[in-house]
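Commentary on secondary and tertiary structure
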Amino acid sequence: MPLLLELFLVFAKIGSITFGGGYAMLPFLQREVVEARHWATNDELTDYYAVGQCTPGIIAVNTATFIGAKLAGNIGGIVATLGVVFPSFVIISLIAAFLTNFAELAVVKNAFAGIRICVCILILNAVLKLLKGAVVDKLTGALFIIVIGISAFTNVSPATTVVVAGIIGLLAKKMRGDL
Amino acid sequence: MPLLFNLYWEFFKVGLFAIGGGMATFPFLAKLAVKSGWYTQQELINMIAISESTPGPIGVNMSTYVGFHTAGVAGALISTLGLVTPSIIVILIVAQFLKKFGESKYVKAVMYGLRAASAGLIAAAGLTVAWMVLLNQEALHAQDFSHALNFKALCVAVIIFFLTKKYKKVHPIVFLGLAAVVGVLGHFAV
């Protein structure tokens, strides 16, 4: 099988069996990419994940781009990425088409009213999990609180917030002499 | 055509600035709902549930759903491509000097500030969701504060929270399914 086609299919398979993305994808990547095909080592995967967390975009997408690029250059990176998003694209389009037609049914409305309560809790849990790595001292604690205030009560775009917070991190480390 | 171009551009920005994966795209999409009017906050919350219950990265699922909802299959395609374009560009550049990037003090310093902000953004968006779901919007409008709290929803929320803490290994789809059943049986849509 041509390498590019195989890249697309392997990443499409990974994209179609992982629920939740990110870390949920790691065991499947280890099996398909490291053990079955030797496209990367476990150490490389760990590096990709670490870098994927501090570069823009979805971690699963970033990791696919890394592995594709390593195997077949820029075009490999693009093909692997398209592979990993392909199943989402098909499945979600089908669901969206279905929901557009059935959204007004009472049973669908009631189900989603219940589901939205659960989503609150899922978001709360995601924040609690993130807090451990994000709020590590007084400054990051203050940043966390201030960002909540800014985001809830002003029209400042999240992009601006993220950029300013990155600069604050850089300046703080500089003033403490860590850089 | 302008709509598709706008979709691409807006999701390009989400892909560029939402750092850290998973829920990181959510606050961006919440602000986008207000700015563009392409979908409501309530529809966005439904989308989160669907994304959590289907395979694939949540950010990708959410952008596909929003794109489809706004402009059909073409919209879904364009939004997803917009979301992944910045990743592809940045990663192809970073891949040249992977080790150095991962260990750079400067990258770590930026991430030190950025992680706290990202958590704050998600928390703020979460508060908006809680406000919509746990408070009785009609009573709030009528300034009837004694009926402002949606007790039924609050009880379900507390129970689900403890269940997710007790059964940490259980996939969220189980809790979402449970909440759907409760919603149907209890006629939660008022």
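Computed from a prediction, not measured in an experiment: that's the story for all the values here.

About the cut-offs
Residues numbered from 1 in each chain as written. Chains lettered and ligands numbered in written order. Predicted model: local features only at pLDDT ≥ 70, side-chain atom pairs only at ≥ 80, totals over all residues. Helix = DSSP H or I, 4+ residues; strand = E, 2+ residues; numbered from the N terminus. Buried ≥ 20, exposed ≤ 12 C-beta atoms within 10 Å, placed from the backbone. Contact = placed C-beta atoms within 7 Å. Domains from an automatic or database assignment. Axes fitted to C-alpha atoms, helices over the stretch in contact; angles between N-to-C directions. Parallel < 35°, antiparallel > 145°, perpendicular 65-115°, else oblique. Left-handed = near helix turned anticlockwise from the far one by under 90°. Nonpolar A, V, L, I, M, F, W, Y, C, P; charged D, E, K, R; others polar. Expected span 1.5 Å × (residues − 1).

**Quick look at the overall build of chain A**
From N to C terminus, chain A includes 7 helices and 1 strand. Taken from the N to the C terminus, the helices and strands of chain A come in the order α-β-α-α-α-α-α-α. C-alpha atoms of chain A, sized along the principal axes, occupy 55 × 55 × 25 Å. Residues classed as buried in chain A amount to 46% of the 179 residues present. For chain A, long-range pairs separated by at least 24 residues make up 45% of all intrachain contacts whose partners lie at least 6 apart in sequence.

**Structural notes on the domain arrangement of chain A**
Frequently, the measure chosen for interface size is the accessible area that the parts lose on association. Per the domain assignment, the segments making up chain A are domain 1 (3-102), domain 2 (104-133) and domain 3 (135-179). For domain 1 of chain A and domain 2 of chain A, the distance between their C-alpha centroids amounts to 26 Å.

**Description of the packing of helix α5 (residues 106-134) of chain A against helix α9 (residues 172-185) of chain B**
Orientation of α5(A) relative to α9(B), taken along the N-to-C sense of each, is 135°, at an axis distance of 7 Å. Here α5(A) is positioned oblique relative to α9(B), judged by the angle of their axes. Crossing angle aside, the handedness with which α5(A) passes α9(B) is right-handed. Here A:V107, A:N110, A:A111, A:F112, A:A113, A:G114, A:I115, A:I117, A:C118 and A:L122 of α5(A) come into contact with α9(B), specifically with B:P172, B:F175, B:L176, B:A179, B:A180, B:V182, B:G183 and B:V184. Taken together, the residues that form the contact of α5(A) with α9(B) break down as 15 nonpolar, 3 polar and no charged.

**Regarding the interface of chain A and chain B**
Contact with chain A, which involves 83 residues of that partner, is made by 90 residues of chain B. Elements represented by at least two residues in the side of chain A that touches chain B include exactly α1 (3-17), β1 (19-20), α3 (42-53), α4 (59-102), α5, α6 (138-153) and α7 (158-175) of chain A. Broken down by element, the residue count for the side of chain A that touches chain B peaks at 24 residues, all from α5(A). Per-class residue counts for the side of chain A that touches chain B are 52 nonpolar, 26 polar and 5 charged.

**Some points on helix α3 (residues 41-53) of chain B**
Between its first and last C-alpha, α3(B) extends 19 Å over 13 residues, near the 18 Å set by a 1.5 Å rise per residue. The complete set of buried residues in α3(B) reads B:L44, B:I45, B:N46, B:M47, B:I48, B:A49, B:I50, B:S51 and B:E52.

**Concerning the environment of A:A134**
Within the secondary structure, A:A134 is located in helix α5. Judged by the 24 C-beta atoms lying within 10 Å of it, A:A134 is buried. Spatially, the C-alpha atoms of A:A134 and A:V51 are 16 Å apart, while their sequence positions differ by 83 residues. A:A134 has contacts with A:T140, A:F144, B:R115, B:A116, B:S118 and B:A119, leaving out every residue within four places of it along the chain.

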